[in-house]
Protein chains: 2
Amino acid sequence: MPGKTPATSGAGPRKRSDARRNEQALLDAAAAAFVATGIDATVREIASRAGVGIATIYRHFPTRADLVVAVFRHQLDALAAASDGADGGTPLDALRSWVGRFADFLITKHGLAEALHSDQAGFESLHAEFVDRLLPVLDALLQDCAKNGQVREDVRAYDLMLAIGNLCIGADTFPDYRSRDMIDLLLTGLTAPGGH
Amino acid sequence: MPGKTPATSGAGPRKRSDARRNEQALLDAAAAAFVATGIDATVREIASRAGVGIATIYRHFPTRADLVVAVFRHQLDALAAASDGADGGTPLDALRSWVGRFADFLITKHGLAEALHSDQAGFESLHAEFVDRLLPVLDALLQDCAKNGQVREDVRAYDLMLAIGNLCIGADTFPDYRSRDMIDLLLTGLTAPGGH
DNA sequence: TGCGAAGCGGAACGGTGCTCCGTATATTGG
DNA sequence: CCAATATACGGAGCACCGTTCCGCTTCGCA
């Protein structure tokens, strides 16, 4: 497994100041490039935006995909934390609103959903990161609903998470496709009594 | 638009015999390569399997994506025709069974679902071909169900088709993902009364 | 202030899809 | 049956991708 992004490892021997500066510049530049060009911005564009050489990317991130992971890591944390905002509604309301935020997140970052489930080399770590951070959240929301009998219990959180992510694909490639409607439809199916 | 695959255009001035032979060899070789390697088999592999040069591919198909379209075209026809086999069941049964065949088709061809909804250049024609051939079929099935009041009427066939296709993504990249369960869940949502 | 180690830039490599051009061959008029 | 010509061919070459290599620069500490 490629993983092992710098940000992950606890404080090792402190890095040189220029190295720390460049790493942050790369994260900022990559975020900007992903917004402007999409997730598939080239490493040359990112390096150029950051004002560093190409090799500097690879000194800080094992691979292009790991840079993508690093850029979205803290946004992923925010998304994971956003499940607590279940202010007053039913567990099902909480689930619905969090799923909505999840979808917004994926749709807003052009190409993220596509990359997440792509079979292209290197993106397994992106997938793994999403699963690690978000699956527990979705699972908890789902179990709350199940306790209240609001959803059927034969649906696995993992399947649901990938399905929702998949439904976001194409949202900005095909303007006529209404991904959020389809996510609603999926959630409707979740609340139906239909047994095994 | 790139389209304009040779097979589409009606009989123009008859081509040379070796040209016809090579075109068929390319279609066969590509089909074999897609099974063995996946949709992302390289043009060099396909040319090599067909025993022709690389340029010969581009003499017959404007782009690699158009070759993919051509390979799946007749299989698409078979799939479109498969909707008539609604032997005795309800319209909803017919819908379910056809959707099942659609999903099998996408999942079996490794990488097809991914390519279908990818934003990568050139695959718009693949998307268009699927929509042209299959959307009318799905729409008819859906309207039959609606006549019987078996499905809600506020769901567009186009959205449903893309959604089902999307749910197939990752079926062979992530072995734990049960795409068919999620398609069932979506269809369950479709049969629920929930209005707008 | 000097010096080793850590970090750097950009040329270079192997891999794509696609194009160009000199060569070979199928077809057809004599 | 044989030339002459349009048509088709093969593979080297191009531009672009992610990634690696290596000689040079800069940081940080004694």
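Conventions adopted
Residues numbered from 1 in each chain as written. Chains lettered and ligands numbered in written order. Predicted model: local features only at pLDDT ≥ 70, side-chain atom pairs only at ≥ 80, totals over all residues. Heavy atoms only, no water. Helix = DSSP H or I, 4+ residues; strand = E, 2+ residues; numbered from the N terminus. Buried < 20%, exposed > 50% of the residue type's maximum accessible area, 1.4 Å probe, protein only. Contact = heavy atoms within 4.5 Å. Axes fitted to C-alpha atoms, helices over the stretch in contact; angles between N-to-C directions. Parallel < 35°, antiparallel > 145°, perpendicular 65-115°, else oblique. Left-handed = near helix turned anticlockwise from the far one by under 90°. Nonpolar A, V, L, I, M, F, W, Y, C, P; charged D, E, K, R; others polar. Phe/Tyr/Trp six-rings, centres within 6.5 Å; stacked < 30°, edge-to-face > 60°. Near = heavy atom within 4 Å. Polar contact = N/O pair within 3.5 Å; in protein donor to acceptor, adjacent residues only side chain to side chain. Buried area = accessible area lost by both parts, 1.4 Å probe. Salt bridge = Lys/Arg side-chain N within 4 Å of Asp/Glu carboxyl O. Least-squares fit on C-alpha atoms with pLDDT ≥ 70 in both. Expected span 1.5 Å × (residues − 1). Domains from an automatic or database assignment.

### Concerning the overall build of chain A
When you go through chain A residue by residue, the secondary structure sums to 9 helices and 0 strands. Beginning at the N terminus, the succession of helices and strands in chain A can be written as α-α-α-α-α-α-α-α-α. Out of the 196 residues in chain A, the part that is buried amounts to 51%. A separation of at least 24 residues holds for 67% of the contacts in chain A among residues at least 6 apart in sequence.

### Remarks on the packing of helix α5 (residues 91-108) of chain A against helix α9 (residues 179-191) of chain A
Residue and element names in this part refer to chain A. For the pair α5 and α9, the least separation of the axes is 11 Å and the interaxial angle reads 150°. One way to sum up the angle between α5 and α9 is to call them roughly antiparallel. Crossing angle aside, the handedness with which α5 passes α9 is right-handed. Every residue of α9 that contacts α5 at L92, L95, R96, V99, A103, D104 and I107 is listed here: S179, R180, I183, D184, L187, T188, L190 and T191. Grouping the constituent residues of the contact of α5 with α9 by class yields 8 nonpolar, 3 polar and 4 charged.

### What to know about the packing of aromatic side chains
Scanning the model with the defined rule gives 8 aromatic pairs over all chains in all. Each ring, one from W98 of chain B and one from F102 of chain B, has its centre 5.5 Å from the other, and the planes form 15°; the classification is stacked. With a gap of 4 residues between them, W98 of chain B and F102 of chain B both fall in helix α5 (residues 91-108), about one helical turn apart. In this structure W98 of chain B comes out as buried when scored by relative accessible area, which is 0%. Taking the relative accessible area as the measure of exposure, F102 of chain B reaches 2% and is therefore buried. Grouped by ring-pair contacts, the aromatic residues F34, F72, F105 and F130 of chain A constitute a single cluster.

### Points about the protein's contact with DNA strand D
Around DNA strand D, the structure places 25 residues, and the nearest of them are T63 of chain A together with R16, N22, A55 and T56 of chain B. Near the protein, within 4 Å, the atoms of DNA strand D are sugar or phosphate in 60% of cases. H60 of chain B is positioned with one of its side-chain polar atoms (N or O) 3.4 Å from a phosphate oxygen of DNA strand D. In terms of residues, the surface near DNA strand D owes the most to one element, helix α3 (residues 54-60) of chain B, which gives 5 residues.

### Brief notes about the interface of chain A and chain B
Counting from both sides, the interface comprises 30 residues of chain A and, opposite them, 29 residues of chain B. A combined buried area of about 2700 Å² lies between chain A and chain B, and 68% of that area is made up of carbon and sulfur atoms. Area buried by chain A at its contact with chain B is led by F174, M182 and L185 of chain A, which between them contribute 21% of it. Counting every contact that joins chain A to chain B gives 0 salt bridges. Seen at the junction of chain A and chain B, the total is 9 residue pairs in polar contact (both at pLDDT 80 or more). Secondary structure elements with two or more residues in the side of chain A that touches chain B: α6 (112-116), α8 (157-167) and α9 of chain A. Element by element, the count of residues in the side of chain A that touches chain B is highest for α8 of chain A, at 7 residues.

### Thoughts on the relation of the copies chain A and chain B
Overlaying chain A on chain B yields an RMSD of 0.1 Å, the required transformation being a rotation through 180° with an accompanying axial translation of 0.0 Å. Here the symmetry operator amounts to a two-fold rotation axis. The C-alpha atom lying nearest the rotation axis in chain A is that of G189 of chain A; the distance is 1.7 Å. The fraction of interface residues of chain A whose copies in chain B are also interface residues reaches 97%, indicating that both copies meet through the same surface.

### Re the protein's contact with DNA strand C
Close contacts around DNA strand C come from 26 residues, with R16, N22, A55 and T56 of chain A together with T63 of chain B the closest. For DNA strand C, the backbone portion of the atoms within 4 Å of the protein, that is sugar and phosphate, comes to 60%. At 2.9 Å from a base oxygen of DNA strand C is found a side-chain nitrogen or oxygen belonging to R59 of chain A. Here a phosphate oxygen of DNA strand C sits 2.9 Å away from a polar atom, N or O, in the main chain of R64 of chain B. Of all the secondary structure elements, the ones that give two or more residues to the surface near DNA strand C are α1 (17-36) and α3 (54-60) of chain A together with α1 (17-36), α2 (43-50) and α3 of chain B. At 5 residues, the largest contribution of residues to the surface near DNA strand C is made by α3 of chain A.

### Observations concerning α1 of chain B
All names here are of chain B. Taking 1.5 Å of rise per residue, 20 residues should cover 28 Å, and α1 covers 29 Å from first to last C-alpha, within 8% of that figure. Residues of α1 that are buried: A19, E23, L26, L27, A29, A30, A33 and F34. For α1, the elements touching its buried residues are α2, α3 and α4 (64-81). G38, located one to two residues past α1, shows a positive phi value of around 110°.

### Describing the domain arrangement of chain A
All names here are of chain A. Parsing chain A into structural domains produces domain 1 (17-61) and domain 2 (67-191). Counting residues at the interface gives 10 residues for domain 1 and 9 residues for domain 2. Of the roughly 770 Å² buried between domain 1 and domain 2 on both sides combined, carbon and sulfur atoms contribute 87%. Counting the surface domain 1 buries against domain 2, the share from its top three residues, F34, I39 and F61, is 63%. Across the domain 1-domain 2 interface, the total number found is 0 salt bridges. Seen at the junction of domain 1 and domain 2, the total is 1 residue pair in polar contact (both at pLDDT 80 or more). Counting residues per element, the side of domain 1 that touches domain 2 draws most heavily on α1, at 5 residues. Per-class residue counts for the side of domain 1 that touches domain 2 are 9 nonpolar, 1 polar and no charged.

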